[in-house]
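What the coordinates show
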Amino acid sequence: MWMRELRLGALAGERLRATLQRSALSTRHAVLATATAMALFAAACASGPAAAPTARSPSGGPPPAPLTPAPNVPGNPENGRQLFVAKGCIGCHTLRGVPAATGVVGPNLTNVALRPTLAGETIENSPQNMARWILDPPSLKPGTAMPRLGLAEQEARNLVAFLYSQPYNPAH
Ligand code: HEC
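As the structure is a computational prediction, the values presented were derived from the model and not from experiment.

1. What about the overall build of the chain?
Scanning the chain from N- to C-terminus turns up six helices and two strands. Here the chain holds 172 residues, and 19% of them are scored as buried. Put simply, of all contacts in the chain between residues at least 6 apart along the chain, 51% involve residues at least 24 apart.

2. Considerations on the site of the ligand
What surrounds the ligand is a group of 25 residues, the closest being Cys 89, Cys 92, Gly 106, Thr 144 and Met 146. Breaking the shell around the ligand down by element, the ones donating at least two residues are α3 (89-92) and α4 (127-135).

3. A few points about unusual backbone geometry
Positioned with a positive phi, Asn 72 is a non-glycine residue whose angle comes to about 65°. Among the structural elements, Asn 72 can be located in the loop between α1 (2-46) and α2 (77-86). With a phi close to 50°, Ala 119 is a non-glycine residue in the positive phi region. Locating Ala 119 in the fold gives a position in the loop between β1 (117-118) and β2 (123-124).

4. Description of the confidence of the model for the chain
Residues of the chain with pLDDT of at least 70 account for 65%, and the chain-wide mean is 79. Note that residues 22-52 has pLDDT below 50 and, in this model, two contacts with residues that lie over four places away or in other chains.

5. Looking at α2
Taken residue by residue, α2 has Pro 77, Gly 80, Arg 81, Leu 83 and Phe 84 as its buried positions. Down the axis, α2 shows its buried residues gathered within 165° of arc, on one side only. Looking at the buried positions of α2, the neighbouring elements they touch are α3 and α6 (153-165). One or two steps after α2, the chain reaches Gly 88, where phi turns positive at roughly 85°.

6. Focus on α6
Counted at 1.5 Å a residue, the expected span for α6 with its 13 residues is 18 Å, and the 18 Å between its end C-alpha atoms agrees. With 11 of 13 residues buried, α6 lies mostly within the body of the structure. For α6, the complete set of buried residues consists of Glu 155, Ala 156, Arg 157, Asn 158, Leu 159, Val 160, Ala 161, Phe 162, Leu 163, Tyr 164 and Ser 165. Looking at the buried positions of α6, the neighbouring elements they touch are α2 and α4.

7. Observations regarding the packing of α4 against α6
Running from N to C, α4 and α6 point in directions that differ by 125°, and their axes come no closer than 9 Å. Considering their axes alone, α4 and α6 lie oblique with respect to each other. Relative to α6, the crossing made by α4 is right-handed. Counting all contacts with α4, which are made through Pro 127, Met 130, Ala 131, Ile 134 and Leu 135, the residues of α6 involved are Glu 153, Ala 156, Arg 157, Leu 159, Val 160, Leu 163 and Tyr 164. Of the residues that constitute the contact of α4 with α6, the class distribution is 10 nonpolar, no polar and two charged.

8. What about the nonpolar core?
In terms of nonpolar packing, the biggest core is built from 20 residues, with Met 130, Ile 134, Leu 159, Val 160, Leu 163 and Tyr 164 touching the most fellow members. Counting only elements with at least two residues in this core, the list comes to α2, α4 and α6. With seven residues, α6 is the single largest residue contributor to this core. Discounting residues that sit within four places of it in the chain, Leu 159 has contacts with Gly 80, Leu 83, Phe 84 and Ile 134.

Rules used in this analysis
Residues numbered from 1 in each chain as written. Predicted model: local features only at pLDDT ≥ 70, side-chain atom pairs only at ≥ 80, totals over all residues. Helix = DSSP H or I, 4+ residues; strand = E, 2+ residues; numbered from the N terminus. Buried ≥ 20, exposed ≤ 12 C-beta atoms within 10 Å, placed from the backbone. Contact = placed C-beta atoms within 7 Å. Near = placed C-beta within 6 Å. pLDDT = per-residue confidence, 0-100. Arc of directions from axis to C-beta. Expected span 1.5 Å × (residues − 1). Axes fitted to C-alpha atoms, helices over the stretch in contact; angles between N-to-C directions. Parallel < 35°, antiparallel > 145°, perpendicular 65-115°, else oblique. Left-handed = near helix turned anticlockwise from the far one by under 90°. Nonpolar A, V, L, I, M, F, W, Y, C, P; charged D, E, K, R; others polar. Core = buried A, V, L, I, M, F, W, Y, C linked by C-beta atoms within 7 Å.

So, in structure tokens, the structure goes:
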């Protein structure tokens with residue numbers, strides 16, 4: 001199942017490359033327009049504090065990198081990233097890419113989207129099953145140490161979209 005999703009991801013990559021190559025051809029025509037846009041942008045920046053405020057992470061550091069949604073996974077990964085901190089997932093789980101996520105009560109969630117099963121051997125890993133798990137772990141695995149956190153279904157979907165949007169991390 002996840003092999004298929006990897007293949008789909010690779011196909012999407014190929015398509016993106018083809019699109020980029022195609023757009024490189026039309027880029028020359030866009031140069032003039034881009035230069036104009038940049039001049040306008042520079043003018044907007046020069047106009048000082050009235051320009052749009054820069055997004056900041058809650059810790060005041062640079063804003064986190066934008067996420068690329070995984071194909072065919074519903075939900076809002078950016079909101080999921082916020083929920084991952086706000087709902088306390090970080091207290092029990094480590095996740096590379098989220099500096100505050102250093103918990104060790106539950107498994108390290110780095111590369112979790114690539115695991116064939118969740119919370120042991122029996123629950124097949126799919127976006128649907130992961131959302132069901134996050135909503136109500138004991139209903140899938142009685143006696144598990146991950147509690148029900150009282151999330152809304154959309155919140156669970158957004159958390160799944162976030163976890164599935166994470167790039168493969170070979171260092172893990
Ligand atoms: C109180 C600690 C705790 C909190 C809070 C918690 N988890 Fe967990 N989580 C666990 C434990 C323990 C497991 C392993 C459960 C098992 O195998 O029975 C787990 C397992 C998981 C798994 C399956 C991982 C795998 O490798 O199979 C996912 C996905 C997950 N948690 C996501 C979340 C998300 C998202 C949140 C926040 C909404 C969250 N968890 C909050 C303790 C926690």
